[in-house]
Structure formats: structure tokens, C-alpha cells
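Structure at a glance
Chain by chain, the residues run as shown.
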Amino acid sequence: MDLLKSMMEAAEDTREELHAPHPVLSATNQVLLDRLAQPPSPTGEKEMGYLRYPHMRGDKVVFVSEGNIWVASQHGGPAARVSASYSAEALPKLSGDGSRVAFLAQSGDGYEVFVLPIAGGLAKRVSYGSQAVKLEGWTKDGNLLIVTTLFSPIGLPQLAILNVTSNVVSVLPFDRATGGSQDEHGCYVFYPLRQTSSTKRYQGGEQSRLWRWCHGDQEAKILTPESWSKRGAWNPMTTPAFPNTIFFLSDHSGVVNLWSMGSGGGAKTQITHECGMDIMEASIDKTTVVYRQGGSIHRLALGGDGVAAGAAAVLPITLISEFRDASPQTLQFPMEEMQEIALSEDGLSAVILVRGQIFFTPLVAQLGQRIEKVTTYDGAVRYRHVQFVRSEHPEDNLKIIAMSDATGEYEYVMLERGGGEGMGGFWNETALTSGSKIRGVMSYSSISPDASSLVFDDTYGRISVLNLSTTAVNTFAFKTEPDEAEKDDGGAGGDYHSKQGGAGGGAPGIQGGAQGGASSAASATQGGADTRPGADTNSTSPFPGGAARRERSTLRRKRRELRRDTRSQFRRDWQLTSLLNNAPGAAPPSAASPPPRAAQRVASAGAARRARNMHHTRFGGAPLQGGFSDLFGAHLGATGPLSGSRAREAQAGQASLRTVMGGLRPEAAGDYSWSPDGRWLAFSASDATEFSCVHVWSADTGDVRRLTHPSYNAVEPKFSPDGLFLYYFSDQQISSGADSPYGMRGSEPTIVGAQQLMCLPLRDGFKCPFFMGDELNAMGKTYGPSIGKQFKTKVSVQNVEKRAVPVPFLEKRQYFGLHIVGDGHTFLMQMWDGEGLYLISLDIVSGAVVPIYPDPRGVFVSGDGQVIMLAVEQGLALLSAKALGVPGVTQDQVLASAILWSAPAGWTVTVNPRAEWMQMYNDAMRNMRDAFYDPGMHGLDWSAITEMYRPLVYRISTKSELRDVLQQALGELSVLHVFVSIRSEAPVLPSGEPTSCFGGDLVTDPRGLRVVRVFDTSGILMVPNSPLAAAAVDLRPGDIITRVDGYQLNTSDRPVSRALLGKAGMQVLVEVDLTPRDPPDEDDDEIRAAAEGGGGFSGMGGATGGEAGGAGAGASARQSAYVADRHARGVEYGHGSGRGHNGAGVGTRVHTVAHIAHAKRQRVGGSGGLGLAPRILNSGGRKGLGVGELGGGGAGANVSDTSAHTSKKVGGITSVVVTPMSHYECSELRVADALNARRSHVQIRSGNALAYVYLEDMEQMGEGSSNSFDDFAAQFYPAIRKAGLIIDVRRNAGGNIDTWILERLRRVAWMFNTARAGPGDTTMQYAFQGKVAVLVDEMTSSDAEIFAAGIQQLKLGKVIGMRSWGGAVGYSSNPELQLVDGSGFTIPSFGPYVGSKWMIEQQGVIPDIVVENLPVSTFHGNDKQLDVAVDHLMALIRSNPNDGKIPAKPAYPDWSFDRETCSGGASPAAAHAAHAGMRRGEA
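As the structure is a computational prediction, the values presented were derived from the model and not from experiment. (Residues numbered from 1 in each chain as written. Predicted model: local features only at pLDDT ≥ 70, side-chain atom pairs only at ≥ 80, totals over all residues. Heavy atoms only, no water.)

Let's shift gears to the packing of aromatic side chains. In total, this model carries 25 aromatic pairs according to the counting rule given. Taken together, a centroid distance of 6.1 Å and an interplanar angle of 15° make the contact between Phe103 and Phe114 stacked. Separated by 11 residues along the polypeptide, Phe103 in strand E7 (residues 100-107) and Phe114 in strand E8 (residues 110-117) bring together distant segments of the chain. Classification of Phe103 by relative accessible area gives buried; the value is 3%. Under the relative-accessibility criterion, Phe114 is labelled buried at 8%. Taking the centre distance of 6.3 Å and the plane angle of 55° together, the rings of Phe1276 and Phe1328 count as tilted. Here Phe1276 is found in helix H22 (residues 1268-1276), whereas its partner Phe1328 is found in the loop between strand E74 (1321-1323) and strand E75 (1331-1336), with 52 residues between them in sequence. (Phe/Tyr/Trp six-rings, centres within 6.5 Å; stacked < 30°, edge-to-face > 60°. Helix = DSSP H or I, 4+ residues; strand = E, 2+ residues; numbered from the N terminus. Buried < 20%, exposed > 50% of the residue type's maximum accessible area, 1.4 Å probe, protein only.)

Turning next to the sheet that holds strand E36 (residues 441-444). The strands making up a sheet associate through backbone hydrogen bonding, with each pair oriented either parallel or antiparallel. Taken in spatial order, the 4 strands line up as E36-E37-E38-E40 in an open sheet, and their pairing is antiparallel. Every interior strand has two partners, whereas the edge strands, E36 and strand E40 (656-661), have only one. Between one strand and the next, the sheet's axes are offset by a mean angle of 35°, whatever the strand orientation. Bridging between strand E37 (residues 453-458) and strand E38 (residues 463-467) involves 5 bridges; their strand directions are antiparallel. In the strand pairing of E38, Asp457 is matched with Ile463. (Pairing = 2+ DSSP bridges. Axes fitted to C-alpha atoms, helices over the stretch in contact; angles between N-to-C directions.)

A few words on the state of the cysteines. Tallying each qualifying case throughout the model produces 3 disulfides. Covalently, Cys997 is tied to Cys1226 through a disulfide, its sulfur atoms 1.9 Å apart. Its torsion about the S-S bond being 125°, the disulfide of Cys997 and Cys1226 is classed as right-handed. Here Cys1226 lies in helix H21 (residues 1223-1246) and Cys997 lies in strand E61 (residues 996-997), a separation of 229 residues in the sequence. This pair shows no difference in class: Cys997 is buried, exactly as Cys1226 is. Take the cysteines of the protein chain that form disulfides and number them in order along the sequence; they join up as 1-2, 3-4, 5-6. (Disulfide = S-S within 2.5 Å.)

Quick look at the nonpolar core now. Counting residues in hydrophobic clusters, the biggest one holds 58 residues, and the most contacted among them are Phe63, Tyr921, Met928 and Leu970. For this core, the secondary structure elements donating two or more residues are strand E3 (60-65), strand E4 (68-73), strand E26 (317-319), helix H13 (913-931), helix H14 (942-955) and helix H15 (960-970). No other element matches H13, which puts 9 residues into this core. Every residue in contact with Leu970, bar those within four places of it in the chain, is listed here: Met925, Met928, Trp942, Val978, Val980 and Phe1385. Counting residues in hydrophobic clusters, the runner-up holds 33 residues, among them Val1253, Val1334, Ala1349 and Ile1400. (Core = buried A, V, L, I, M, F, W, Y, C linked by side-chain atoms within 4.5 Å. Contact = heavy atoms within 4.5 Å.)

Structural data, given as C-alpha cells:
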């Protein structure tokens, strides 16, 4: 009995019961939920309706909301939807009489203009291929004024007139115009620029300035020069009521208001005096102005003097709409939205985060297939960083911790499935932290094995520890079930998983953007009584008293047995690997569950981030004072005496938080890994060299010890399960990818950061497991997880760097995602194999490497290391670590052993869009606060700004409108690099087919369309040739295109784009009247005839034989093989046989349809019956030599052969097959053609003394992406010996290669060398010695500005042009800063400065020589900035003509010796001098 009593006492749970408070919902979130819960008003929706782009005529106002056009009375009231398409529609403009509305709608290749009767009717498309970017309004003669990029040779926006009847677009004579209007005198008021960022109070170079031009003016006149204000003026308007007044918008006062001025720019007057939100758009009709502020339309009456006649009033407009985008949405494929997943300790269950909501599910069929929603809210609250809580007590409830923003700031909470009736319990949430102390969390660790600590770093440069030792997360010391439950006196808690002893300690899942969810409001169940709100407390149990307790005890015992049986069955299932794929219960993938693309994005982003972090500026510098050890405090999980607030937190089950390291850059630390006993934390960090080093932190002493040398990168440290070894990736064995500094383009070394897996024994005397042994030392081995639990982890720091050895079995590659699984001898990692990441496993003892799966979308390991989960296309695949550890196991066997979990076909997730939009707004404002480069937020009260714009979020009814709200709010920072991208879920169906183009300038002609210019793209990287310049087309200026696919162009005044609808990438038959040109060579026809009739020709006619006799067969066979290979690649087809002169060569080929087509082509080749015959210039077989009349002679008519070989010019009607391009491709051709024109202009004006380099941007993104340095190298190195160099970065959008270019321009030729003949060379290689000038304009942006500023600071040359954009506070991105749906925005996160002055931001680069390109002059082809640059450099060259030239080589040395003089008795020196004198005399 004593023994039994002692056993019972030992089994008794003596842990203290501990409960934390429930999280408190923030007042903002509570207001949101209350407002969303209000029933619909019988008088219509009063809150929603975000109204934009108002335009008024008469008593009607049109505007945009929900992506459609609406009309309402100018006095307010119900609004009717004029358009209801699924296209994106914008910028409605009422005609002068108010009967029609014109607007932009998205088409297949951009935006086109549509016109619609305001009373209702069919929308008519009035533009085709217009490349419209804005619609400005109606002209006096009933046409439309649009902004288009169609005509600019460099893709700039220009004002143009669109004829609504003929659909013809005619450009106005301004080089660029972002917007404008026609005034009451028929003149045009326009603004060339409108900067693209949403920043407020902008003062950079790309400022909006109003200009005015009338017909007959030589040049436009500026109305709002910088001398009036550094801020802008735009949106000009006029009205007949004030014909000599121009109304416009300006932020001259700091907030955008309505202003007016005279026609000549004088008498500027502020009309409105808003001090809060900007006026965004405005429209005027007679004496009434309507404008948009926030999401409302205001109406303002003007007095007789053109000033406000009173206060503006908000138009009370209500939308008659179903608000479909604001209604609760059902996500049919939740796995597409998965952005974080965590595995339980035993790997049999998981939690999945989908759009801010947490779901729990078993992963094997034996445990059920029910997916539980853990959280209750459907968008108002977001969870992140979810992981399981470890527990070794089988009676513990299932617990999860995560971060939640329910309180308005992110706090850690614990979600626990409490004891409820039946198999499933309710989830209860308690708060682990409070007080808004956790901000800007980036990377984080798992919970330590002793359940005492969790470490994370943040955007404030801190590493912090969350002390969980006094919370219920510490299941070693605390429990949450009351004692009565343990004594069968309480409720049965949860289903099998809530009692699961292995549920805990899972890894944090996909790091970098776990989209958290909402918090549960269910109350904890105490003593079997349901205390949830609304529960019936008077209900009685069907098993009263002891019977109920006995029944619950029996249920618990059965669940424990089920757990044991299920686990054993699980092990047997894994042993039956060869049968699983054929087993009926193998959980086939669900057809309704597409691949988890979001998981792939995040996993790929993690891999890319690791590569970027390793080789760029991932880590911050060391602390300013003291070492790392000085900054770390005591034991992370310290459980010593607490006092004051910490004691109160402990009593409430709250975690304490403290900073253990500071002074780092954001994202400067990470890769956290706990030792098996939880006493050591390994992580990667760096010192001032920016090399990543592996450090360990002692939880007992607070010391930090660096284990790797800062001369190389070491990342992803992982403790072995036995606690004896530390593994990490190292790139210390670097290699460079260049032979020497000589050769074309100055070959330079590229450091290839290949990595090795390193093994570091933590104790002296231990050898790595792969050590083979010798006569004195035993072989290495792994010791297993039991050793790690039984013995404390120790780190011996003496000679620690020397003990690290590379794992010999792995070649040097790029690796990512290290996991140690099973008993510690199986390693998982992803390896870059040249095409992508490939998951491999490594046996650390035997060295066996097994490929597992290519490009997995995520790899996860259970807390006990026994289960591996892969996110793959079909779902989630579970693998056993034991299966990977079987000697000799193959890839096929491993994959065949997998159990595949797919989400049930009926699983959906509901999202309340309005709640989610508010959460996204909150998150965006928090993220900007926590990651902005200036912690002081440029002096703004950020909380006040957040609340100022919050009411707008309640008004929006589509997610795209959230972008406008965020742009306004974030723009208050007055910094340039803020761009918002909102992921749209509403379907967008383009209106109308896309158009296409021919790749040249065409003008109308009585006979059709005359070719004025064929775009020249020669010498420009990555730009194709014009379709008109193709070898089989060869159209030239002067040629007339008369028909396109039978469409006769001279019978219609519609543009050619109408005939090319939907033809991009498709062949079209074009009839052309050719201008006279030189005839073909006399022997062209003889070559073709010889090829068609005899040996040597291989093409559509087939493979031919050899030249004579027996050689024919071999030649024919070779030709047949060649043609067969070309046929396989779809290049050309052949018959496979042919005949030589003296013998036959027969190739064996399978006859194909291509042969039939070729035979038919041969039969009709001269008749033109199919329109496939060669053109007249290639065959000489056409009627109508000379300039033929339209329709005069068919394309296939014959002429005599002799006429084609005369010296006369030939031409006439013919047909060619052309493949049109999309308008985007044609824009690239146009820009390349303009570049070649500027290059030619520089060569001519400078007499070929100067070179011209143009850079469109400064991006270098790697293979397959934009690589601007390639453009620079292609232009710079061939010009290395020019006397001068113009580098044009006008309109350059920025990037990251300024350092590379400046570095090359700074090279100095300090020595010269020469060969026996030819020009000399320099050392340094490819040192440019000429003069340099850099061109900038108002659109020179970002990194291009930094490059231009570098030219000035380093005194490398002069900067010429206009003041630049003014945005240099750079930004970086991190998935952790994305919004819950994957939307995001750029956060300016690092600012440049020189000395005590911030550089460039909000001012731009001020040129050394200011030159403005005036609108009209530049339109007519003048480029004053370029001319000034050429003249400036040529003046420098003329004043110092020898500068930059390689000097003449000196006289060669003379080491001759006059032996005759020497033999005559002279001294050797005299003999040498005598001979040297003779040589000089001869010379």
C-alpha cells in the first residue's frame, strides 16, 4: 500500500494553476465592430461611398466610386451608376451640354476613351491604340483633350486632341504635358510635370508648373515659376463666367487649396483655406466649383469677383449600390492565402494562418479531417508568428502562442483549447504581454526547450527576450486545468489533440509575413461549468455526481489508448512505404485545393532574403560602447525574485520584456537556434565589417561569444540534438569568377559566395560525426537527443575557431534552410542547383546525399524532429525522419513514403472586407511608424495623422480605394519613396480588344498610310528590330501601305490601329506600294534557281545529296540529320532526300504535313495565289515596275526576267507578311530609335570626338531581370578612348548601380604600356581619361540622383540640365512588413547625408549648368541640354587638346655593345657609348 501511495503521489500534478487575463479589445476595434454590426438603414447607406474625380456641368455631377462612373445632382441625393462594367474606369468628363460623359476604361493594352449618353445607353469606344493616360475634358468644338504617350519619341505624356467621330488623335506641340485644359480664348494651359509620389508639400525638381500657349506663339509662357513658389500648381480650369481667370490647385500654403490668377499669371489669389486634408480634384461650371476632399465632394459658389461667396458644403450623395466588394467574401481556396504554418511537437497536427485567422487541423486521416477555426474575428484582428507550446504532461490542454493586434498594438497571446463537453473544446485566449512594448518585430526564435524564453529582433535595432517563465507557457511549472479536473471533478477537456502530450514547441513556420488572425472571445471553462457568454448555467449533466466524474475519467483513459494506438499505427504506416501511394486512404490531393502559392512566395522570399542578407548589408555594426556581452543581461528565462510591476505581471500570468542588445541595424540579427537544454542561444550577427558571424549567448551568465571569424560569412547556426556540435553555413572558401583584368570590357572578379556546411565540436575532445578515426582516435558519431536532455550543453571557447571543419560530403554551393532531424544524423537543406532550390538530405556519418524534391514551397520540421512537412503543388506532404535515415534509401522511396494532406474540398474562409480594410490601415500606419528611417517621423504627431485619416476607411467600399487613403495619409511624411500597392481581388475585365502597331511612324496619304520612319534599334540591348525592317518585309520611308488583311485603308479615315485590333504577334497580309529602289543583284535569281534544282540546298525543299558519286549518300545523310534536328526544334522542314551532280544521296525521313505544304508552296510560288510569294525585290517576278497605281496589277503578276536586272529603279504594288507588335513593344522600339538619333546627333556635332551613353534606369536585379550595368557596359567600354563622354540620366527611374559607374569613372591612368605596333593602353585598365558631363532633368530620380551628386562631390565632371526629382531616402522591403492580404508599400528606411547635411531629399541635385528644355522648342526636335553638354565638353577639349590622350611612347632602350671598339682597347663603357652614338646618328 505504501508503494501504491507513493506512486500515486508521484503521478499527482503538483504544478501551480495559473491564468492570465483576457486581452482587451482596443477602443478603435470595438468601434469598428459596433459600426459593422449595425443593421442596414431603411433610408439607404449613409456611411459608405468614397467619391473621386468629380466633374460638373449644369445640374449634374459625375464622379467615380467602386471603380464605376456615377451621376448625381449638384445638390446631392441618390446617385445612379452610369456604367457597371468590370473594367477599371476613371476620369469622367461631361460634355458642354451635359448630355454625354466621356471616361477612360481599361482595355487589353492600357486605357482607351469611351463615350456614354448620360441618360443611359451603350458606351462607344472612340479611341484605338491611343495609349491614353488621362482624360482632361471636352474642347470647344466637341472633341476630347487627352494625355497620351503615343507620339513622344521617349515615351513622355503629351496633350492631344481626340476626334470622337474619326477616332484620330492629333498631338499638340508640347514636348510633355501631364495635364491641361483649353481656356475660354482657345489657348491651352498645361503643366509638363506631375511627380509620381504622393508626398505632400513637395519641393523637388519635378514640380508642376502651369504654362500657357496660344496658336501662333513661338513658345509657351510659364505662369507659376519657382520664384512664386517652390511648390506646385496643377489642374487648370476656366469658365465663361470669368473668361480671363484661370483657376487651379496648389499646395503653396502647405495644404492643397483652390487658387485663381489672371490669364497672364498675375493676381494669384487663394480661394479656399483648408488646413487639414488636401483638395484632390476640382471642376468648375459657370460660378460653381465642386471639389473632392477626403472621400467627399464639396460644392462652393463663387462671387462676382471670382472669390468664394461663402463656405463650401459637402454634397450629401448616397450610392444606390449593393456594395458587392464590401460584403463578406468567401475564399474558395484558402491554401492560396496561406502565409504561415506551424507544426506540433509530434508533427501530426498543424496550425495554419489564412488572412489573419488561425486554423487548427490534424494532418493524418487517423486523427480526423476537421479543420477548426481557432479565432473568432474575420478581419478586424490579425495574428502572426504562431507556434505550439511544448508540454510533457498528457493532461495539458493544447496551447498556441501568437502575436495579436487586438489591443491596437501587437502583443503576445496564448490560445488554449479548454476542457469542454464531447471531443472538441472551445478555444480561450489570454494575454501574455501588455503595454504596447512590442513594436516592429522582424525575426524571432521558437520557444526555448525549457519553455522559459522567446527571443526576437525588431526594426528599432534591438534584440529582446520575452520572459515566459512566469506564464502558463512554462508548462514545466504551471498548468491551466484546475485540480478538480485532475481528480475527475471537472469537465473533460477537448478532443484527442487537446490532450496530446506531444503538442508543443513547433518551429515558427514560414518566417517573414505570417498573416495573423483574430482573437477568440470564448471564456475559460472552469470545473466543468460553461461560463461563456450566453451559456445556460442551469443545465444539468446527464451523469450527475460521481457518475459524471467516472465517465469523464473513462473518456480520458480511452483517449490515451487511442493516442498510443494511433501512434503505433502511424509508425507502421511509415514502414509500409511502398504501399502508401496505392492505399485507398492515402489522402489524395483535393482538386479543389490549388497549390499554396503564397507559401511559395514567402519561402522564395526567405531564400532570396538570405542571399541578399549574406552578401550585402544585412547586419548592423557592433555596439558603440562595450562588447556584445555587456549588452546582454541575465538569464533569459530567469525565475528569480520579482518586485513591483514585474511581480504583478507574474501574478497575472504576464510575461516580462527587456532589451538584451541594441544599436543594431534593422534586420541585423537572426537565425536563432536553442541548445537542447535551452541554456544557450546561437544566432548570427555582425560587426562593422558587415560580415555575418555566428554567436552564442549564455542564458546563465548573459555572455555573448563569437564563434566564427569576421573575415567571412557564417549563417544559420543549428545545435545538434545531442548538444555537442554546432553546424552552420560558411562562405570562407570563396572563389572569383574572372581570369585577369585584361580583355574586352575590363574583366573584373565576381566573388562567388559558395558555401560549405561546417561542423563545430562544442567541447574539446569530441570529433565530428563524420570523422573516420585513426590508430589513436575512435570514429565520430552522433549521440542522440537523449544525451542533449540528460547533459547540459557546454561551449568551450578555447581554440573554437580552429575546431570547425567542413563537412566533406557536400560540394560548395549556395544553401538555405538547414534542419537537423531524427536522431541527429540526418540533415535537410535546400541547395541551389543552377536552376532553383532543391531539397536534399545528408547523412552526416555516411555522407549519403539523397535528393528529395525540387523547389519546395516550404519545408517544416516538427518540434521533436521526427516529421518533415513539405508544401508542394498538391498540398502538404509528410515524411518521416526515420525514412530519410534508412541506409541506401532512394528519392523514389522517400517520396512514395509520404502521406499527402490536402485541404478538404469544402473548406472555405470568410473575410469581412470592411473589417480587414481597417486592420490593413492600422497595420500600414504602425509599420511606417516602426520602420521609417527617422524615429521622430519628420516631426509629425503620427497618432494624430492616423486618426485624421481613419474616418476615410469607413467610407471606402472597394479595396482599391484603400490605396487612395493610404497615399494621402503616408504622404504627410513629405518623403518621396512612398508608393502603395494594393492587391485587388475584384475581377477586372478589359473593355475591348488590344491594338497593335508596325514599329514606325505612319501618316495618312490619299492611297493609304505612308511610311515616314522605320524605327532604328540597331546596337540597343534587348530591343528587337521593327517588324517593318524584317528581312522579308524591308519597308522604307515613302512606301505606302494600302491594305491590311484586305482592309483598304484609303476608304476610311480611321487609324491603322483600328485595322490591327487583336493582331499583336499574329501575321497580317499587307499590301504595299513600294517607292522606286535599286534592283536586286543580277545573280540572285541564279542562286535561287540552283538551290531549287540541285545539290547543296537544304531548307523547305529537303536535304540534298553530295557533290558527286558515293559522296552524295553521306552528304545527304548528314543533311537529313541536320534538317531532322531543325525540324525537331521547329526551325525548318525537309524531304530528307536529294540528288547530286553525279550520284544520288538519299536520306531517310518520315513524311510530314510540312512536306505537303511545301509542295503546294512550290506550285503556287509564282502565281501569288496564296499571297506567299517573295516580294518583287527578292524574285523579280512582278508586274508594275516603277511606281504603280493603287490596285493596278496583282501582287503575283509576272514580268520578264531581264527587266529585273537593269539599272533602273524598281517598285510597285506587292504584298508582304508582317507580324505587328503590341503597343508596349513598339514603345520600346520608339525609345531605342530616339536614343540612336541622339547618339548620331552627338557624333555629328562633336566631329566624332564625344561618346553618348544613355541609362534608362540604374537597376541590377540579376539574370532574367533588368540589368542596367549591361546597358552601361555596352555603351561605355567601346567609347573608352573618346575625348569626352556624355552620360545622360534624364528620365532615369533609379536603381542601385551608382557605385559601379562612379568607380569606373574614377579610375586613373597612372601608367601606360604599348606593344610593337598599334595604339597604347593604360594601367589602370579601361581608365577613361576624357572629359565627362552628366545630363539630368526634373525626372532624374533616386539612384540616378545619387550618381549625379557623386559626379559633383568627386569632381569627375559637370552636371547639366534641371534640378532633379529630389528623392534619395532609399527603401528596402521585408515580407514581415506586408499587409495581411499581401498588399504593401515602400517604407523609406535609410537616408543619405554628407557631413551634417541630408542629401537630395526634397531638393534634388542642383546642376552646375542650368539649362531648360522649353516645351514647344523641344517638341520640334531641339535638345538644348544635349547641345550645351556637347559644346561644354568640346570647349574643354579645345582648351586642353592633349588631355586624356595616351602619350607617345618614349625612345626604346639601347642595350647594344660595340665589340670592335672594345677589342681596340677602349673601355666597355666607351664601347657602348660609341655604338649608341652610331645608332642615334643612323636614326
